[in-house]
Amino acid sequence: MTDFDKFTNEDDCNGHDTDSGNSDREALSEEPTSEEFTQEDEYFVAAKNYEKSHGRTVWPENPSFEDDMSFRDTRKFISRRAFAFWLILAMILTAILTSLITGFLIPKLRNAGMGNQSVTPTTYSIAKSTGSEISAEEIIAKNSPSVVEIRTEEVARDMWLNNYVKEGAGSGVIINTDGYIVTNNHVIAGARTITVTLKNQKTYNATLVGTDPETDIAVIKIKATGLKAVEFGDSKKLQMGQFVVAIGNPLGQLGGTATAGIISSLDRRIVIDGKEMELLQTDAAINPGNSGGGLFDNHGNLVGVVVAKSRGENVEGIGFAIPVNKAKPIINSLIKDGKLPQQPKVGIRIANIVDESMAKEMGLPKPGVYVTDILSNAAKSAGIMVGDRIISVDGKDIKDSQEFLDTIKNHKVGDKLKITVERNNAKIVLSVELVDMANAAQPQQ
C-alpha cells in the first residue's frame, strides 16, 4: 500500500469515502498490515477485539494524547433531564447541610467557646433580658388597671378679658382601693372640674383632697370602691440602669400607654416652673399627658410619679419622675390630715449663680446662692433681704442651692439657725426661726 492509499483509508475512517459503500464501523474493522502496524493501531485493535468478546469497550491504562482524543470522540454524554435532576438534588442537599451547620453546629461551637453558657433568644421580653423579677408584660398587666386618665376644665380669660373654658389632660395613679388617686399639682391646678376615666372606660367626677405646689404632688378622690391600687416600692433602692416601665395618658388621648426604659439618673436636679427639684431620670418615652402617671420598677412596684420631659428641639429619651419616697409622706399626710406634713423652711426663694459669666450677666458681684424673694414674715423679721448672698448656715459653708435646702431639711419647724449672708461686701449673721411653709403667714407688703 502506498502512502497515498494509506491516507485514503484514513479518510474513509473519518467518513469521507462516498464510493466504497462501507460504514464507519466496517472501515474501522479493517486490520492494517504488519508493515503499517503502529503502537496506536495495536491499542485500537486490542480494544475492538475486547468489544467483540465482552460486549463493551475498554481502553489501555496509559493511552497517548492521540488515544485520549479517540476516547473523547466515543464517550457517552449525560442527558439534559438527568443533569437537571442531579443539579436540583445537589442544591437541596446543599441547603440542608447549610441549615444544619448554621442552626446546630455553629451555636454548639459558640457555646463551647463561651464555657457552655446558654444563649437567651432576643424574642424574650425586655424585662427578662435585663434580669428583671417579672417581665414587662407582667408589669403592665399588673398596673394598667391602676393608672387613670384625667381631664380638667378651668375658666380662663383671653386678651380681651372674655372668659372661656380651657381644657387640660394628664394621668393619675390609684393608691387606695377606696378611690384615692395621686397626680401632679400642675395637672389639676386651677381646675373647675376634674374627670377621671378608668381602664374599663368608667368615668367619675373627682374632688381635690389636697395639693403641694412645692413638690408638684396632688391627691384627688372619686366615689368608687374595690379599685385596684398600686404597690409602693422603695426609690432609694433603685440603681442606674435598672429596668422601669412608664404607664400613662400621653397627648391626653392615648390612655393606658406603656413605655419601657432604664433609670438614667437617681438624683437629677432640674428647675421646673422656677423650682429646683431632685428627680429620677429615665429614657422611657415621656410625652405631654404622661404627667401624674406611674413609673414602675422591675418588681412591678410604683417608684416614681412622672412629672415632666425635657423640652427642646430633637430632645428625646429624657424624662423625669418624682421619687416615690419623697411623694409618700405628702400623700399620706394629705389623705390622713387633709394638709401637708410640716416642712421646715426659711421662707425665702433662692437662685444658684454657678459662674462668673452668669453673675456678670445678672449684674451680681460673684457666683453663689442669692435670695430672690421673701416668702414668710419670719424671714422678713430676721432681716433677710433680696440680693443677699448666703455664705453659711450654722457655720457650714453653702456651695449651691441644693446644699442649702438639704441643710434646712435636717432640722425641724421651730429650730433657730444662724445664717451668714454677704451684703454690700459686708458679712452679716442673722438668726432665723424655721417655719412650716404650708401654714406660714405671707409677708406683709
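Calculation criteria
Residues numbered from 1 in each chain as written. Predicted model: local features only at pLDDT ≥ 70, side-chain atom pairs only at ≥ 80, totals over all residues. Heavy atoms only, no water. Helix = DSSP H or I, 4+ residues; strand = E, 2+ residues; numbered from the N terminus. Buried < 20%, exposed > 50% of the residue type's maximum accessible area, 1.4 Å probe, protein only. Areas by Shrake-Rupley, 256 points an atom, 1.4 Å probe, with all protein chains shown as cover. Polar contact = N/O pair within 3.5 Å; in protein donor to acceptor, adjacent residues only side chain to side chain. Core = buried A, V, L, I, M, F, W, Y, C linked by side-chain atoms within 4.5 Å. Contact = heavy atoms within 4.5 Å. Pairing = 2+ DSSP bridges. Axes fitted to C-alpha atoms, helices over the stretch in contact; angles between N-to-C directions. Phe/Tyr/Trp six-rings, centres within 6.5 Å; stacked < 30°, edge-to-face > 60°. Lys NZ or Arg CZ within 6 Å of the ring centre and 35° of its normal. Salt bridge = Lys/Arg side-chain N within 4 Å of Asp/Glu carboxyl O.

Participant: Would you explain the overall build of the chain in this entry?
Facilitator: Of the regular secondary structure elements, the chain holds 12 helices and 20 strands. Evaluated residue by residue, the chain yields a buried proportion of 34% over its 445 residues. In the structure as shown, the chain presents an accessible area of about 27,400 Å², 52% of it carried by carbon and sulfur atoms.

Participant: Any chance you could explain helix H12 (residues 401–409) here in plain terms?
Facilitator: Among all positions of H12, only Ser401, Gln402, Glu403, Phe404, Thr407 and Ile408 are buried. You can read the cap of H12 off the contacts: a side-chain oxygen lies 3.2 Å from the backbone nitrogen of Gln402, and it is on Asp400.

Participant: Quick question: what am I supposed to make of the nonpolar core here?
Facilitator: In terms of nonpolar packing, the biggest core is built from 30 residues, with Ile217, Ile272, Leu279, Phe296, Val307, Ile322 and Ile331 touching the most fellow members. When residues in this core are grouped by element, the largest group, 5 residues, is from helix H9 (residues 324–337). Apart from residues no more than four positions distant in its own chain, Phe296 is found in contact with Ile139, Asn143, Val147, Val230, Phe243, Val244, Val245, Ile247, Asn301, Leu302 and Val303. Ranked by size, the runner-up nonpolar core spans 20 residues in total, among them Val369, Ile384, Ile390 and Leu434.

Participant: I tried to follow unusual backbone geometry on my own but got confused; where do I start?
Facilitator: What is expected of a backbone is that most residues other than glycine have negative phi and most peptide bonds are trans. Within the chain, Asp216 stands out as a residue other than glycine whose phi angle is a positive 65°. Unlike most non-glycine residues, Asn425 shows phi in positive territory, near 65°. Structurally, Asn425 is set in the loop between strand S18 (416–423) and strand S19 (426–433).

Participant: How should the sheet that holds strand S4 (residues 193–197) be read in this particular structure?
Facilitator: Overall, antiparallel pairing links the 6 strands, which are arranged S1-S2-S3-S6-S5-S4 in a closed barrel. When strand polarity is set aside, the average angle formed by the axes of neighbouring strands in this sheet is 40°. Here 5 bridges tie strand S3 (residues 180–184) to strand S6 (residues 217–222), and the two strands are oriented antiparallel to one another. Considered in S6, the bridge of Tyr180 is made with Lys221.

Participant: Which parts of the structure should I look at to understand the packing of aromatic side chains?
Facilitator: Under the criterion given, the structure shown has 1 aromatic pair. Both rings, one in Phe85 and one in Trp86, keep their centres 5.3 Å apart while their planes meet at 75°; by these two values the pair is edge-to-face. In this structure Trp86 comes out as exposed when scored by relative accessible area, which is 52%. Over the ring of Tyr180 we find Lys221, and its NZ or CZ is 5.3 Å from the ring centre.

Participant: Please explain the side chain of Thr152 as it appears in this structure.
Facilitator: By the element assignment, Thr152 lies in strand S1 (residues 147–157). Judged by its relative accessible area of 6%, Thr152 is buried. Discounting residues that sit within four places of it in the chain, Thr152 has contacts with Lys166, Glu167, Gly168, Ala169, Val187, Ile188, Ala191, Thr193 and Ile194.

Participant: What's the story with the pattern of salt bridges in this structure? I'm lost.
Facilitator: Two side chains of opposite charge can pair, provided their charged atoms sit close to one another. For the structure on display, the rule yields 10 salt bridges. Across the pair Glu278 and Lys326 runs a salt bridge whose closest N-O atoms are separated by 3.6 Å. Remark: Lys326 occurs in helix H9 and Glu278 occurs in strand S9 (residues 275–282); sequence separation between them is 48 residues. Classification of Glu278 by relative accessible area gives partly exposed; the value is 23%. Look at Lys326 and you get partly exposed, because its relative accessible area is 34%. Residues joined by salt bridges that share partners form a network here, namely Arg269, Glu278, Lys326 and Asp400.

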